[in-house]
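In case you want the letters, here they are:
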Amino acid sequence: MGLLYIWTLPVLLGATVSVGWLAEGRRNMDTVDATGNPSQGPQTKKNGQDEGVAKPILSGSDGGPCRRTDCGRGRQCVLLEATGRAECVCQEKCRPTFVPVCGSDGRFYENHCEVYRTACVQKRRIYVVHSKDCFFKGDTCTMAEYNKLKTMLLDMQPKGLGGRVKNVKRNMDQKRALVDTMFKYLDVNRDGSLGSDELAKISIKEHLEDSLLECTMQDLLRYDDYNNDGHLTLHEFYTAFQVVQLSLAEDQRVSVSVVTVGLSTVLSCAIQGTLRPPIIWKRNGIILNFLDLEDINDFGDDGSLYITKVTTIHMGNYSCHAYGYEELYQTHVLQVNVPPVILVYPETQAQEPGVSASLHCHADGIPDPNILWLKNGMDLQPRPSKQLSLIANGSELYIGSVRYEDTGAYTCIAKNEVGVDEDISSLFVEDSARKTLANILWREEGLSVGNMFYVFSDEGITVLQPSECEIRRHIKRTERIVASYEEMCPKSEGVSPQHCAWSSAVSVRDKYIYVTQPLQKRLLVIDTQAQKVVQAVETDPFPVKLLYDKSHDQVWVLSWGSMQKSHPTLQVIPQASVGEVHHTIRTPFQRVDDFFIPPTNLIITHVRFGFIFLKSEPAVHKIDLETFHRVKTISLKNYSCVPVSMAYTHLSGFYFIQCRSPSRDPSSAQPQLLIDSVTDTVIGPNLNITGQPYVSPDGRLIVTPDRQHGKVRVQTVSFQGVLGLSRELDTTLHVSDVVFQPSFTESNQYTMVAVSGSDTDLLFSDLASGKSEVLRSLKEPLSPHSWPWGSSNRVLVSSGLFGRYLVTPSAESLFVLNGKQKTPHCEVSDIKRGNTVVWVGEV
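Computed from a predicted structure; not experimentally measured. (Residues numbered from 1 in each chain as written. Predicted model: local features only at pLDDT ≥ 70, side-chain atom pairs only at ≥ 80, totals over all residues. Heavy atoms only, no water.)

## Quick notes on the sheet that holds strand S34 (residues 512-517)
Basically, it comes down to this: By the convention used here, strands pair only if DSSP detects at least 2 bridges between them. Strands here mean DSSP runs of E at least two residues long; helices mean DSSP runs of H or I at least four residues long; both are numbered from the N terminus. For helices, the axis comes from a line fit to the C-alpha atoms of the stretch in contact; other axes are also lines fit to C-alpha atoms, and the angle between any two N-to-C directions lies between 0 and 180 degrees.
Read across the open sheet, the four strands follow the order S33-S34-S35-S36; overall the sheet is antiparallel. If you trace the sheet from one side to the other, it starts and ends with strand S33 (505-508) and strand S36 (532-538), each paired once. When strand polarity is set aside, the average angle formed by the axes of neighbouring strands in this sheet is 25°.

Quick look at the structure:
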C-alpha cells in the first residue's frame, strides 16, 4: 500500500516555519532527464491524469472520438460543433489541488497541471525544476530568509493588529483571524488586493526595513503571487501564510455504508477546503495510512479508503480528517451484510404414527434471516395448533402427533437482503414393524453411536445417551488399546491405587475423540463408531490441553514438561480425522504458557491465524496455523498485561484478552484488553471489565464473569460493529465454566449457562431479557486441588446446536440437565472425577 512520507514545504506552502506535511509515497513527482526534458517516473494515477489535471471532455456515453485521442498533459480534447471531429486544445483550468512545484520559467505553480497548461497557452517549453532555491539562486532573499520574514510578520504586534497570542502552533481559527486582520491593515486602498506600492508604504510606515534583514515586503509578491498579476489577493495571502480552510457539511458528518461480504468498497472523505492537507484515516483510533495491511492497501489521490474483499471483521467505524486538523472529522459506519447459511436437523428421521416430531433449522446471516418452510415444494404456513406449529420464529417446525400423510421432504428456506439458502429435512411416518430402510438407518445411525456424551473419569470412559440417561458403553481402565494392546490406563509410578487421569478431550469431526493422559506422556485416539481406543500417540511429558483446528484438520497439544511447567512445548497432530497411525510434530515455540485458536461457525469456516502466550511475557504472538511460523508479536507491555486467556468475535474482529499483572498478584486484577484484528493493534482496555471472556457462537455476545465483584457482564456487538455493554448480572457464583445454548423461544438469541466451581449452584440467564434462574442442588464439585490441569475444576458441556441437554460433574457423580426446561434431568452415580467431557453428534 502507499506509504506517507514527510514533506517539508517551507516556501512552497508559505509556511511560517518548516512544517512537516504528508504526501503519498506512491505519488512520485516528475524527474528531468539529461536534456532537461521532463520524464515520467513510476506514478500512481487515476484515469491516466496527473495530480490536479481535469478530465478531458468526452462526447457521448462512451467518450466518442475523444476517447481514442491522447492530447498529452496540459491539453484536453474537445469536439468541434461543426464537424464533430476531435481536437486538442489547451486546458481551460486545472483541479484546485495545491501541490506546488517550481517551473523552469522561474515561477511557482500550484500543481503540475498548471505548469503544463501554462506551457501550452504560452506555446513554450516549461518543465519542473526540483532545486529548493530553484529560481532564487544568488538572490539574498532565500527560502529560509523569506520564512523568517513571514514568521516576523505574524509575531509582530503593530498598531491595528491587536494583541494576539505568540504561538507558532496557534489554532487555525486564531491564525485565520490574524491573517484577515493583517490583510485589511495592509490593504490601504481597500480594493481587496495588495500591490507593490502598498507593501512598500507599510514597510516605511512601520519602519520595517531595520528588521527585515535580507527580504523586503515586496518579496511577498515574488514568492506568492501565483497568477503573476502584480497583486496579492486574500486567497494568495492565505496560501502564503498557510491558512487552511476546511469544511464538512453537517449532513455528511456521519456516513453509513452497507457492503456485501466478499466485495470491495470505497470510503470517500467529504472534508473539503483550500489547501486541504492529505487525508488521514483511523479505525478504533488507529491510523491506517502508515500500516501495511492486506485488505486496506490503497489511499486514492482524493484521499479515499479502499477495502478489498470485505469480511465481517471490517465492519465498524472509520474516521477521516485532514492531516493536522483532527478536530474536524467525518465518521463512516460500515455494515457488512452476509447471505444466510443454514443447517437443518435431522436430515432424515423416521417416526411411528401418533408421536411428536421436530424439524430444526438454524440460520446465520446479516441481517437476521427470515425462515419459511415448504413441504414437498409447497408453501407450509401452519396456523398455531397442537398438531402443527412454528416455534422460535420458524427455527423449529413441531408436529404434535404425526400421521402417515406427514411423510415428506420439508425444505427450510432462509432469506435476508443479500441472499437465500435452503436445505431439506425428511420425515418418514411408518410402523416400526415394517422396518423400512429409512427406519433402520435412522435408528442405527441416529441412536447407536451418535449424539452421546463421552465422560472420562477414574474408572475409564462412560458413553452416555442423555435423553434416556442410559449408559451405552463403559470402557474400563483395563481395556486394551487396539493398536498396541497396552492397557488404557496403566498404573503410573507413585500413583496408588490405579486410576485413569485425564485432562482434555476434543471431538474430531465426530469420527474420533482425542484425549490426553498427562501422567502417561501420551494421548489416546478413540474411534466413535467402534467405541474403542484405537491408538496411543506419544507426546512430550504432561500433555494438558488439546484444541482441534477444523480449518487445517489439526489437533494442537500443549504439554507442560513437568507438574511445575518447567519445559512447556506445543505440538501438532496433522490430518487428525484421517484413519491412519498418527504422530506429533513439534512446533518451534518454547516457554509456551497457553495458546488460542479462534473457533469456526456457519459463516466463518476457515481460520488462518492463532496466538500463543509465553511465560510471564506481556505480549501475544500471532502464528500461521499452516506453517507454524510466527507472523508478528503484539506487545502488551504498555498495559502491564500478561495474557491469561483470549476470546474472539468475527463481528468487527475484536480480540478480548484476560490479563494478569506481571507480579501474579491475584488481588490486582487487570482490565481486559481489546485488540483490533484488522490492524493487529491494541485498542486499549475493554471498559473496566476483568475476568475470562466467553463469546457466543455467532459472535454477537461477550460474557465475562467477574469473580471479585460478583457480577457477570454482558456485552453485545451490533451489525455496525459497535461494542457496547448490554447489562450486568449480579451473582454469587464463583464461575468455573460457561456455555451458550440457543434459545428455544427466539431465533438468533442465546441462553447463558454458568456453573460454580465452589458450590452446588448453576445459573441459567436469558441474555435477551436478562431473566435468570438458579439451580442449587448439583452437589459439590471437585476441589481445585484435585484438578491441577486448569482453572475449570467443574466443566459444563452442551449437546450441540440443536440439543437441549447439558452435562456437568460433581466430585463423585454426573448431572444431566434439561436446558429447555432449565431443570435437572438425571444424576449418574459412581463417576469420580469425571471432569473431562466431550459431546459427539449432530445435535
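## A look at the side chain of Asp-540
Note the following rule: Any pair of nitrogen or oxygen atoms within 3.5 Å is treated as a polar contact; in protein, a donor-acceptor pairing is required on top of that, and neighbouring residues in sequence qualify only through side-chain atoms on both sides. Residues count as neighbours in contact if any of their non-hydrogen atoms are within 4.5 Å of one another.
As for its placement among the helices and strands, Asp-540 is situated in the loop between S36 and strand S37 (543-549). A distance of 2.6 Å separates the side chain of Asp-540 from the side chain of Thr-569, its partner in a polar contact. Residue contacts for Asp-540: discarding those within four places in its chain leaves Lys-521, Ser-559, Thr-569, Gln-571 and Arg-586.

## Describing the sheet that holds strand S55 (residues 762-766)
Across the sheet, four strands lie side by side as S53-S54-S55-S56; this open sheet has antiparallel pairing. The open sheet has two edge strands with one neighbour each: strand S53 (735-742) and strand S56 (772-775). Strand-to-strand twist of the sheet, defined as the mean angle between neighbouring strand axes without regard to direction, takes the value 20°. Across five bridges, the pairing between strand S54 (residues 750-756) and S55 is antiparallel. Paired with Val-755 across the two strands is Leu-762, which belongs to S55.

## Structural notes on the environment of Cys-361
Formally: Each residue gets one of three labels from its accessible area relative to the maximum for its type: buried under 20%, exposed over 50%, partly exposed in between, using a 1.4 Å probe on protein chains only.
Here Cys-361 is to be found in strand S23 (residues 357-366). A relative accessible area of 1% means that Cys-361 is categorised as buried. For the pair Cys-361 and Ile-424, spaced 63 residues apart in sequence, the C-alpha separation works out to 9.3 Å. Every residue in contact with Cys-361, bar those within four places of it in the chain, is listed here: Ile-342, Leu-343, Val-344, Ile-371, Trp-373, Ser-395, Cys-412 and Phe-802.

## With respect to a nonpolar patch on the surface
To keep things clear, this is the line we draw: A residue counts toward a patch only above 30% relative accessible area and without a salt bridge, and it is joined to like-charged neighbours within 9 Å or, for Val, Leu, Ile, Met, Phe, Trp and Tyr, to nonpolar neighbours within 5 Å. All accessible-area figures derive from a Shrake-Rupley calculation using a 1.4 Å probe, and residue coverage is judged against the displayed protein chains alone. For this analysis, a salt bridge means a side-chain nitrogen from Lys or Arg found within 4 Å of a carboxyl oxygen belonging to Asp or Glu.
The grouping of Val-254, Val-256 and Val-258 at the surface amounts to a nonpolar patch, some 280 Å² of accessible area in total. By secondary structure assignment, the location of Val-258 is in strand S13 (residues 254-260).

## Description of the nonpolar core
Put simply, the rule is: Definition used in this section: a nonpolar core is a set of buried Ala, Val, Leu, Ile, Met, Phe, Trp, Tyr and Cys residues joined via side-chain atoms within 4.5 Å. Bear in mind that the domain bounds are from an automatic or database domain assignment.
Phe-237 and Trp-281 are the most contacted members of the largest nonpolar core, which has 83 residues in total. The element contributing the most residues to this core is helix H4 (residues 172-186), with seven residues. Here this core spans two domains, since at least three of its residues come from each of domain 1 (101-156 + 172-243) and domain 2 (246-337). Discounting residues that sit within four places of it in the chain, Phe-237 has contacts with Val-179, Met-182, Phe-183, Leu-186, Leu-194, Leu-220 and Leu-232.

## What about a negative patch on the surface?
In plain terms, the rule: The charge count treats Lys and Arg as positive and Asp and Glu as negative. His and the chain ends do not count. Every charge is mapped onto a representative atom, which is NZ of Lys, CZ of Arg, CG of Asp or CD of Glu.
A cluster of acidic residues, Glu-347, Glu-422, Asp-423, Asp-510 and Glu-842, forms a negative patch on the protein surface. As for its placement among the helices and strands, Glu-347 is situated in the loop between strand S21 (325-345) and strand S22 (348-351).

## Topic: the packing of aromatic side chains
As a reminder of what qualifies: Centres within 6.5 Å are what make two rings of Phe, Tyr or Trp a pair, Trp counting through its six-membered ring; a difference in plane orientation under 30 degrees is then read as stacked, over 60 as edge-to-face, and the rest as tilted.
The tally for this structure, following the rule as stated, stands at 13 aromatic pairs. For the pair Tyr-648 and Tyr-655, a centre-to-centre distance of 4.6 Å together with 35° between the ring planes defines the contact as tilted. Given the relative accessible area of 15%, Tyr-648 is considered buried. These aromatic residues form a ring-pair network of at least three members: Phe-183, Phe-237 and Phe-241.

## Focus: the state of the cysteines
Put simply, the rule is: The term disulfide is used for any two cysteine sulfur atoms that are within 2.5 Å.
Per the stated rule, a full pass over the model turns up nine disulfides. Each disulfide pairs two cysteine sulfurs, and for Cys-90 the partner residue is Cys-120, the sulfurs being separated by 2.0 Å. Across the disulfide from Cys-90 to Cys-120, rotation about the S-S bond amounts to roughly -85°, and the bridge is consequently left-handed. Of this pair, Cys-90 sits in strand S6 (residues 86-90) while Cys-120 sits in helix H2 (residues 112-122), and the two are 30 residues apart along the sequence. A relative accessible area of 25% places Cys-90 in the partly exposed class. By relative accessible area, Cys-120 is classed as buried at 12%. Between the sulfur atoms of Cys-94 and its disulfide partner Cys-113 the distance amounts to 1.9 Å. When the S-S torsion is -80°, as for the bridge of Cys-94 with Cys-113, the disulfide is left-handed. Here Cys-94 is found in the loop between S6 and strand S7 (101-103), whereas its partner Cys-113 is found in helix H2, with 19 residues between them in sequence.

## A closer look at the pairing of strand S60 (residues 823-829)
Strand residues, when the strand is regular, have side chains that alternate between the two faces of the sheet. Note that strand S59 (residues 813-818) and S60 share six bridges and pair antiparallel. The residue bridging Leu-817 from the neighbouring strand is Pro-824, located in S60. Hairpin connection, S59 to S60: the antiparallel pair is bridged by four residues, and Lys-822 has positive phi, about 60°.

## Digging into the pairing of strand S61 (residues 836-840)
Burial runs high along S61: five of the five residues are buried. Because side chains alternate across S61, one face comprises the buried residues Thr-836, Val-838 and Val-840, and the other comprises Val-837 and Trp-839, equally buried.

## As for the pattern of salt bridges
Under the definition given, this model contains 28 salt bridges. Here Arg-522 makes a salt bridge to Glu-486, at a shortest N to O gap of 3.4 Å. Here Arg-522, found in strand S35 (residues 522-527), pairs with Glu-486, found in the loop between strand S32 (470-476) and S33; they are 36 residues apart in sequence, far enough to count as distant. In this structure, Arg-700 and Asp-698 form a salt bridge, with 3.4 Å as the shortest nitrogen-oxygen distance.

## Section: unusual backbone geometry
With an omega of -10°, the peptide bond between Tyr-345 and Pro-346 qualifies as cis. As for its placement among the helices and strands, Pro-346 is situated in the loop between S21 and S22. Residue Ile-366 is joined to Pro-367 through a cis peptide bond whose omega torsion reads -5°. With respect to the helices and strands, the residue Pro-367 is situated in the loop between S23 and strand S24 (370-375). Even without being a glycine, Asn-284 presents a positive backbone phi close to 55°. Secondary-structure assignment places Asn-284 in the loop between strand S16 (279-283) and strand S17 (286-287). Its identity is not glycine, yet Ser-616 carries a phi of approximately 55°, on the positive side.

## Digging into empty space enclosed by the protein
To be explicit about the condition: Detection works on a 1 Å grid of protein atoms alone, calling trapped sets that fit a 1.4 Å probe cavities and calling open sets with protein on both sides within 12 Å along at least five of seven lines pockets, with lining residues defined by an atom within 4 Å of a point. Grid points are joined across faces, edges and corners, and a volume is the space filled by probe spheres set on the points. In this classification, Asp, Glu, Lys and Arg are treated as charged, Ala, Val, Leu, Ile, Met, Phe, Trp, Tyr, Cys and Pro as nonpolar, and every other residue, Gly included, as polar.
In the structure shown here, the tally under the stated rule is seven cavities of 30 Å³ or more. Here the largest cavity defines a volume of roughly 290 Å³. Lining the largest cavity we find 19 residues, and of these His-362, Ser-395, Pro-742, Ser-743 and Leu-801 sit closest to its centre. Here the element with the most residues in the lining of the largest cavity is S23; it accounts for four residues. Here the lining of the largest cavity is composed, by residue class, of nine nonpolar, eight polar and two charged. A domain-level breakdown of the lining of the largest cavity finds at least three residues from each of domain 3 (345-445) and domain 4 (451-477 + 735-842).

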